[in-house]
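Analysis of the macromolecular model
Below, each chain spelled out in residue letters.
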Amino acid sequence: MAIRIITLDREYGSGGGVIAAKVASRLEWKLWDQLLTDEIARRMDCDCSDVEKHEEKRDPAFYRLLKSFMRGSFEGSLNARRLKMVDTECVREVVQQILPEVANEGNCVIVGRGSAYYLGIRPDAFHVFVYAPFDERVRRLRSNGKSEKESIELAETVDRERAEFVKQYFNIEWPDRHRFHLMVNSGIGEEAAVETILDALRRFGL
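The sections below set out a description of the structure shown in this document. (Residues numbered from 1 in each chain as written. Predicted model: local features only at pLDDT ≥ 70, side-chain atom pairs only at ≥ 80, totals over all residues. Heavy atoms only, no water.)

A look at helix α2 (residues 34-44)
Note: α-helices contain 3.6 residues per turn, so residues at a spacing of three or four share the same orientation. What counts is decided by this rule: Burial classification: accessible surface area is computed with a 1.4 Å probe over protein chains only, and a residue below 20% of its type maximum counts as buried, one above 50% as exposed, and the rest as partly exposed. Under the DSSP-based scheme used, a helix requires at least four consecutive residues in state H or I and a strand at least two consecutive residues in state E, with every element numbered from the N terminus. We call two residues contacting when some pair of their heavy atoms lies within 4.5 Å.
Looking at α2, one finds that the buried residues are L36, T37, E39, I40, A41 and M44. Looking at the buried side of α2, the elements it contacts are β2 (30-32), α3 (48-52), α6 (88-105) and β3 (108-111). Immediately downstream of α2, the backbone of D45 shows phi near 55 degrees, a positive value.

So, in structure tokens, the structure goes:
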């Protein structure tokens, strides 16, 4: 079956989002990255910033405890709906609804959000993972205006949060290399990474 969907998961700071955008542009396919966040926010009737706080990460332990108490009482359940609480579980449920719709539409590049796992069994999907050496990721984050301390902290923590998210909802040790058709080291350069992905697609069945 011809490939109509590319999912691109990535280490934080590896430039995966930029590479995905370039791949989508070259193929003239729709890019679902910020667009996906926008659609989640639209369906949840909330701000994009609220969605971004809960994408690909677990809620803090104190919040999960609070929510369990709220769910355990009639009044709490009413208040949760009234307050339109945005949390990881709500965002994940909406993503789970949206991704099959996006995939059925086809000709799309989807960045993260568990797409490689939700769409893992589709024969028309090609799954890519982009990574980079730690120092390279820190350098890239610093070039985007972050301090060295902040860059190191983000490079260490964001992927840990993603791993915890994938473990909780898919019972998979992130990134689980066997689920990807291709893994690319972006340290070779963004353009080289894009060409590698496109070449693999042509050989695989684009």
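Some remarks on the packing of helix α8 (residues 134-143) against helix α9 (residues 148-170)
Helix packing geometry: the angle between the two helix axes and the distance between the axes. Here is the rule: Here an angle of 0 to 180 degrees is reported between the N-to-C directions of two axes, which are lines fitted to C-alpha atoms, with helices fitted over the stretch in contact. Just so you know how the angles are binned, under 35 degrees is roughly parallel, over 145 roughly antiparallel, 65 to 115 roughly perpendicular, and the rest oblique. It is the rotation of the near helix from the far one that decides the hand of a crossing: anticlockwise by less than a right angle makes it left-handed, clockwise makes it right-handed. Basically, the charged four are Asp, Glu, Lys and Arg, the nonpolar ten are Ala, Val, Leu, Ile, Met, Phe, Trp, Tyr, Cys and Pro, and anything else, Gly included, counts as polar.
Contact pair α8 / α9: the axes reach a minimum separation of 9 Å and the direction vectors enclose 125 degrees. By the criterion of interaxial angle, the relationship of α8 to α9 is oblique. The hand of the α8/α9 crossing is right-handed. Seen from α8, the contacting residues are F134, R137, V138, L141 and R142; seen from α9, they are E148, S151, I152, L154, A155, E156 and D159. In terms of residue class, the contact of α8 with α9 is built from six nonpolar, one polar and five charged.

A few points about the sheet that holds strand β5 (residues 182-185)
Strand pairing in a sheet relies on backbone hydrogen bonds. The paired strands run either parallel or antiparallel. Worth spelling out the cut-off: Any two strands with at least two DSSP-identified bridges between them are counted as paired.
The parallel open sheet is built from five strands, whose spatial order is β2-β3-β1-β4-β5. Sheet topology places β2 and β5 at the edges, where each strand pairs with a single neighbour. Each strand of the sheet is rotated relative to its neighbour by a mean of 20 degrees, with strand direction disregarded. The pairing of strand β1 (residues 5-10) with strand β4 (residues 125-131) spans six bridges and is parallel.

Concerning the environment of V18
Checked against the element boundaries, V18 lands in helix α1 (residues 16-27). Considering only alpha carbons, one finds V18 and E190, 172 residues apart in sequence, at a separation of 7.9 Å.

Concerning unusual backbone geometry
Peptide bonds are, in most cases, trans, and in most cases residues other than glycine have a negative phi. The residue after W174, namely P175, is reached through a cis peptide bond having omega 5 degrees. Here P175 shows up in the loop between α9 and β5. Notably, E56 is not glycine yet its phi reads approximately 60 degrees, a positive angle. Examined against the element boundaries, E56 turns out to sit in the loop between α3 and α4 (61-71). The phi angle at D176 is positive, at roughly 55 degrees, despite the residue not being glycine.

So far we have only geometry, and geometry alone does not tell us how the molecule works.
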